[in-house]
Every structure is written in C-alpha cells, then in structure tokens.
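Examination of the molecular architecture
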2 protein chains.
Amino acid sequence: MAVYTEVDDEALADFLLRYDIGEAIAFKGIAEGVENSNYLLETTKARFILTLYEKRVNADDLPFFMGVMEALADAGFPAPLPVKARDGSALQELNDRPAAIVTFLNGMSPRKPNASQCQQIGTAMARMHNALASTTLSRPNDLSVDAWPDLFEGREATAATLAPNLATLIAGDLDRLLDQWPDPEDLPQGIIHADLFPDNAFFLGENFSGVIDFYFACTDMLAYDIAIALNAWCFEARGEFNMTKGRALLAGYTSVRDFTDAEVKALPALIHGAAMRFFLTRLVDWTDTPADALVRPKDPTEYAEKLGFHRMARKLEDYGYMPASS
Amino acid sequence: MAVYTEVDDEALADFLLRYDIGEAIAFKGIAEGVENSNYLLETTKARFILTLYEKRVNADDLPFFMGVMEALADAGFPAPLPVKARDGSALQELNDRPAAIVTFLNGMSPRKPNASQCQQIGTAMARMHNALASTTLSRPNDLSVDAWPDLFEGREATAATLAPNLATLIAGDLDRLLDQWPDPEDLPQGIIHADLFPDNAFFLGENFSGVIDFYFACTDMLAYDIAIALNAWCFEARGEFNMTKGRALLAGYTSVRDFTDAEVKALPALIHGAAMRFFLTRLVDWTDTPADALVRPKDPTEYAEKLGFHRMARKLEDYGYMPASS
C-alpha cells in the first residue's frame, strides 16, 4: 500500500482548477503501486487516478511514461490515459512532487491467475508490443543484465541467510547469464512493460480489461517482457512451474506475433535473467528497507525458488512452448 | 492508511454471491480508518465500501454499530447504510473476519475546517443526535472518565518525554476531571458518534454531505459529543483555540437543539475531558505501537497542547458560547 504524500481538500480543489474535468466529489488514497502515492479521484464528470511521483521515480523519465500511455490509448489498447491540463501538459506539480491524472480503468487483478488469464495476458502483451511498435520514444532498461553484478555485490551474506548455498548459486547464475545473454540487436526490440505482474493487469469477470503501472517501461528485447511475465504468472508456490499456464501464455502471445528463431533460442536465458532481476531488486529492498517503513519489502525467496527451476531448464519447450510446426 | 487483510478476486467473487448487489468491476484497498481494512468496491449496480473488522474492534459491538447506521438511514441522516446479504444480515464473515458492505458516500473531508464547516458540523451533530433519539440500542462508553487513570498509569515517563512537567499536569487534570465530571443522569443522554473528527465528515464543495466511521459510537451524554468535536474542529496549530470556529460549531448545534442549563455548566469539564481521552489513547498508542507497524501512531503532543488551553478555561463562553438570551 502506498500513500506517502497527503493531499488535502483545498490543495486538490486548487489543483483541479488546472484541468477541465469538473470538481471533486470523492477522493481516497488507495493501496496500489509501491513507488508512488495514488488517489482515486471522482469528479462531477468521471473517475480518475491521481498519482504523485515519489523519490524512486526519476522525474526525467515521466514524459516517456506519459508518452507510452498516450501511444497505447491512440492504438486502442486498454491502459490509463494521462489527462492533459489546460496548459496542454499531462505532467503537473502538486505538493512539490510531479503529479498526473490518468483515466480510471475498471477491472480487478487476479491473485492466482488461471490458464485462461495467462493465455489472455500473453495475447494482450503481444497487442501491447504491436501498439507501441511505431513510437519513437525510448528509455534504456537500467535494471538489465549489466546492472545485476552491482546489485548483488555486498549482499552475498543476506542471500546466505535465505538458503545456505544461495550466494554461490547466484554467483554461478550471474556468470552463466552474462555468458548466455543475447545481443539485443539480434532480437526484435521495442517498448516493453517490464513489470507486467498480475497486480498490474485487470480482468472483468474472466475477460482481460487492461494494463496499468507503466513506470518500469523501457526499450528492450520484446521477448524479455514475455520472460518477466512467465515468471510472474506461471509459477505455483515453492517455485513449481505450471506448464499448462506457461503453454497458455506463450500460445497467447504467439497467436498475435510469432517468435523469431533467435527469440526461441534466447528465451530460456531471458526467463532465467528475468527471475534474477526480481530476485536481486527484492534482495536489495530486503536489505535496505528500514524496519519502520510504510511498505514491507517482498521476500526474495519466491524468486530464489524460481531461479532453481530455471537452472535446470534448457530450451523454451521446457516452459511449454509448442513450435507452430508441431 | 489501513489494509491489514488482503482479499483476493476469487474470495471477493464468492463473497458477493451472498448479496444481490451485482458483480465487482473495481476493487481497491483504501487508506481510510485506522482500525479496520477498507476497500472501495464498485459493482455492476453501485459503489460500496467493504470493511473487514480487525482485532481492535470487538465483534460483539458490531450489531450495535450496524443498528446505529441503519437508524440514521431510516431517519434520513446521511451516513453509510449497511447492505443486507440474502440471509437478511448485514454482518457477514470474510477471510475469518467479521465483514460488512455499506453504501458509498460522496464527499471529501476537510483538512483545515473553516468556520462555515464548523457551523455545519454542529448542526449535523444535533440532527444526528435527534435521528438516534428513538432507538433502543445502547453501548457503554468504555473510554470515558473512569477508564482514564488506568490508561495513564505506567505511562508517566512517556508523558515526561513530551514536555518536562507534563506528567504532573496530567495527574492534576485527572484529579480535577474526576471531581468535576457531571452525573450523566443530570444531562441529556443518547447515542453519540464519539469520534467525529474532520476526517469522518464529508463535504461536497462547501456543503456538509455526510458522516462516516461509527465504530466508537456509544451511549453517553450528548454534550460529550460536542466536547469531542470542539477539540477536533476548532483548534489551530500549537493548541490555539479559534473562538470564531468554536462559536460557529456551538451555534450550529444549538440552532437545532438548545443546551440545558446543566449542559452549559458541565460542558467546560466535558471539553477538558474529551481532550484528556484523546491525549491518553494517543499516549497509549505512542507507547505501544511497534516501530514496524503499518500505521504510524499520532503524536499525543497535539492534545497535550489543547489540554493547556482547557486548564485555563472556566465557562462555556470561553469557547465562544453565546446564550440565546444575549
């Protein structure tokens, strides 16, 4: 949950004068997103989410994130649309923080996605990649393979508290990943969500209804987005991979866009790497979050367990992939 | 902010089958109330608040709280109305906790109430007292004068860390309050809200629109509710009493229901006592809340400063009261 910055009724009323979206009739801090302060805002005209961007978001990246959401809306992909103020800009300032209002998206996040939802999110991700294919926006992925050794350095002892031999295993993983990591130029690249976990996807009943939280979006290999989603959607407890869900997610994606041969070859390393990225950032948060913080850090163990599966996998078929020719 | 208990999409869908309020189309944990977990729930039919009652609420009291809200709705007073499930009961269970769905109230809480809002909340409180006058519900106020010495005992040292002589002053206040406290039988009694702070009151634009959070409601002297509200609505920073706001709140209340002579006489002690009640419960939370708790305790200093004002006041006119004859 996250409401770091309080916004009072008078500050809100003043802020809304900058927009043409009516007057507030309800305003509630919501427990969504861990990086920023989020409010549900209902006005006399419609419902919105007001976000105040806190320290962990680089303000220089915000125009990129706004541009990604605008591009998706232009292409008809269901994502929040930033609302422009009267001055023409969606990026404003409130309580000394960058702030933006985006449209409200109906839907609920699945806690335990089923195979149908995995298939639908695969399809949605391919549609999202296509929708962003023609934008000229770009932002480097600063949490990719090059960043990982530094994230791990000095945290070997913390890793060892999670499992006795974990520090050694991670060091081995890192060597292998640096060695196996594909040259991005060899794979289709574009804008990826890079954090498409179930809590960033909405469904209405059984049907996909939208994607939120584009604040890790960046330019990278499209297949890396799939790698992140396979980790986030297709595992059960204790690092057990659900092959049916993996198959569904991959089939959903390839029903819209087929993988290139280079992608099929590279994906096992990308999937392994995606687990490493979330293991390491959780390990950092686990080490660095003060005990009295408002947000409890997520236990890195979940991703340590997933790494255990990836260490044994060798080809994309091990994740449920069925080549079109089969 | 408070979302202590997670409710996943499947548990919610199952839960809603017990009601005739449609299917969920949005569901967000909200930062409202510190005692319970609250969710904004939008269904295909309307918007609601789903509350899961956590440990600090005594489950035996819940039927009383539901009854109070129902009585208010019956009388046309704007408060959340508990929604009955198909089994006829508004009280259900979800994730091993008592749970209830209430109707959604539009409006926003003022952070710094102005004199007009103080006047309106005084009027609203009198209307609320009238609306509850004919119910037979009752619940003792277990946070009144008899409970205070025990709350203070053992916390003198903590009080002394807030201000050097505070422990002595509080001990003196307690003696004086026990001595001056009126016999409840001598004053009009009924059901009071007992926690009508600005964040439990809603306004739409400048106009009062409703009251929420009845989870401290109890049977007590009606004037004690006024005493709590005067403390909560009419002070500026550093314990400075705003006489204009006090006058407005009292005038608002008496425009609907005149005080009896006994109430006018007793109110200075009740106002002093109301500040003591919130000072002491905040002092307890301040002492007892673990550093890693999700909710940061409120600083008791605010109420220590208000107690400083009350120590000097002698009559209700010191709070802005203007007798009808003047």
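Cut-offs and rules
- Residues numbered from 1 in each chain as written.
- Chains lettered and ligands numbered in written order.
- Predicted model: local features only at pLDDT ≥ 70, side-chain atom pairs only at ≥ 80, totals over all residues.
- Heavy atoms only, no water.
- UniProt positions renumbered as here; feature names shortened; annotations may be inferred.
- Helix = DSSP H or I, 4+ residues; strand = E, 2+ residues; numbered from the N terminus.
- Rg over C-alpha atoms; globule rule 2.2 N^0.38 Å.
- Buried < 20%, exposed > 50% of the residue type's maximum accessible area, 1.4 Å probe, protein only.
- Contact = heavy atoms within 4.5 Å.
- Lys, Arg positive; Asp, Glu negative; His and termini not counted.
- Charge placed at Lys NZ, Arg CZ, Asp CG, Glu CD.
- Least-squares fit on C-alpha atoms with pLDDT ≥ 70 in both.
- Pairing = 2+ DSSP bridges.
- Disulfide = S-S within 2.5 Å.
- Axes fitted to C-alpha atoms, helices over the stretch in contact; angles between N-to-C directions.
- Buried area = accessible area lost by both parts, 1.4 Å probe.
- Salt bridge = Lys/Arg side-chain N within 4 Å of Asp/Glu carboxyl O.
- Polar contact = N/O pair within 3.5 Å; in protein donor to acceptor, adjacent residues only side chain to side chain.
- Phe/Tyr/Trp six-rings, centres within 6.5 Å; stacked < 30°, edge-to-face > 60°.
- Lys NZ or Arg CZ within 6 Å of the ring centre and 35° of its normal.
- Domains from an automatic or database assignment.
- Nonpolar A, V, L, I, M, F, W, Y, C, P; charged D, E, K, R; others polar.
- Parallel < 35°, antiparallel > 145°, perpendicular 65-115°, else oblique.
- Left-handed = near helix turned anticlockwise from the far one by under 90°.

Within an unreviewed UniProt entry, the label attached to chain A reads Homoserine kinase, and the organism entered is Ponticaulis profundi. Taken from UniProt, the Sequence similarities (unreviewed entry) comment for chain A reads in full: "Belongs to the pseudomonas-type ThrB family." According to UniProt, the comment filed for chain A under the heading Catalytic activity (unreviewed entry) is "L-homoserine + ATP = O-phospho-L-homoserine + ADP + H(+)".

Each helix and strand counted, chain A has 10 helices and nine strands in total. For chain A, the C-alpha radius of gyration of 20 Å lies close to 20 Å, the compact-globule estimate for 326 residues. Judged by the C-alpha coordinates and their principal axes, chain A covers about 55 × 45 × 35 Å. Buried positions account for 56% of the 326 residues belonging to chain A. The long-range share in chain A, meaning contacts at least 24 apart out of those at least 6 apart in sequence, stands at 74%. Charge centroids of chain A, computed over 28 positive and 48 negative side chains, lie 6 Å from each other.

Once that is clear, we can look at the relation of the copies chain A and chain B. Aligned on chain B, chain A shows an RMSD of 0.0 Å; the corresponding rotation is 180° and the shift along the axis is 0.0 Å. Seen this way, the second copy is the image of the first under a two-fold rotation axis. Comparing interface residues between copies, 100% of those in chain A also sit at the interface in chain B, which points to an isologous, same-surface contact.

Let us look at the pairing of strand β7 (residues 201-204) of chain B. Across a regular strand the side chains alternate sides, sitting on one face of the sheet and then on the other. Residue and element names in this part refer to chain B. Examined bridge by bridge, β7 and strand β8 (residues 207-211) share four bridges and lie antiparallel to one another. Paired with L204 across the strands is N207, a residue of β8. The antiparallel hairpin formed by β7 and β8 contains two residues in its connecting segment, where G205 sits at a positive phi of about 60°.

Right, let's talk about the state of the cysteines for a bit. Scanning the entire structure with this criterion turns up zero disulfides over all chains. With no disulfide of its own, C234 of chain A lies closest to C118 of chain A among cysteine sulfurs, the gap being 4.2 Å. We classify C234 of chain A as buried; its relative accessible area is 0%. C218 of chain B takes part in no disulfide bond, and the closest cysteine sulfur, belonging to C234 of chain B, lies 20 Å away.

Residues and elements named next belong to chain B. Taken together, five strands build an open sheet; the order of strands is β1-β2-β3-β5-β4 and the sheet is antiparallel. The open sheet is flanked by β1 (24-29) and β4 (92-94), the only strands paired with a single partner. Ignoring strand direction, the axes of neighbouring strands in this sheet form an average angle of 35°. Two elements, β4 and strand β5 (residues 97-103), share three bridges in a ladder whose sense is antiparallel. Paired with Q92 across the bridge in β5 is A99. Packing of helix α1 (residues 9-16) onto the sheet brings it into contact with β1, β2 (37-43), β3 (47-52), β4 and β5, and relative to β4 it is tilted by some 165°.

Here the focus is the environment of L94 of chain B. Residues and elements named next belong to chain B. By the secondary structure assignment, L94 is in strand β4. When the C-alpha atoms of L94 and V7 are compared, they prove to be 8.3 Å apart, with 87 residues separating the residues in sequence. Every residue in contact with L94, bar those within four places of it in the chain, is listed here: V7, A11, F15, L50, L52 and A99.

With that settled, consider the interface of chain A and chain B. The interface is formed by 36 residues belonging to chain A together with 36 residues belonging to chain B. Around 3000 Å² of area is buried between chain A and chain B when both sides are counted, 58% of it from carbon and sulfur atoms. Here chain A and chain B share two salt bridges between them. E42 of chain A is the salt-bridge partner of R47 of chain B, the closest N and O atoms lying 2.1 Å from each other. On the surface where chain A and chain B come into contact, there are eight residue pairs in polar contact (both at pLDDT 80 or more).

A complete count under the given rule lists 40 aromatic pairs over all chains for this structure. Clustering of aromatic rings is evident, with ring pairs tying together Y53, F64, F65 and Y215 of chain A. If you follow R47 of chain B out to its NZ or CZ, it ends over the ring of F104 of chain B, 4.6 Å from the centre. Positioned above the aromatic ring of Y303 of chain B is the side chain of K306 of chain B, whose terminal nitrogen or guanidinium carbon lies 4.2 Å from the ring centre.

This paragraph deals with the domain arrangement of chain A. All names here are of chain A. Partitioning chain A into structural domains gives domain 1 (9-103) and domain 2 (115-319). Distance from the C-alpha centre of domain 1 to the C-alpha centre of domain 2: 27 Å. Counting from both sides, the interface comprises 22 residues of domain 1 and, opposite them, 24 residues of domain 2. Three residues stand out in domain 1 for area buried against domain 2, namely F64, F65 and F77, and they jointly supply 33% of the buried area on that side. Remark: the boundary between domain 1 and domain 2 carries two salt bridges. Across the pair D61 and R139 runs a salt bridge, and its minimum N-O distance is 3.0 Å. Counting every contact that joins domain 1 to domain 2 gives three residue pairs in polar contact (both at pLDDT 80 or more). A class-by-class count of the residues in the side of domain 1 that touches domain 2 yields 14 nonpolar, four polar and four charged.

To continue, consider the packing of helix α6 (residues 166-180) of chain A against helix α9 (residues 261-288) of chain A. Helix-helix packing is characterised by the crossing angle of the two axes and by the distance between the axes. Residue and element names in this part refer to chain A. For the pair α6 and α9, interaxial distance at closest approach is 10 Å and the crossing angle is 135°. Of the possible angle classes, the one that applies to α6 and α9 is oblique. Considering how the two elements wind past one another, α6 and α9 form a crossing that is left-handed. Judged by residue contacts, L166, I170, D173, L174, R176, L177 and Q180 of α6 engage A269, H272, G273, M276, F279 and L280 from α9. Classifying every residue of the contact of α6 with α9 by side-chain character gives eight nonpolar, three polar and two charged.

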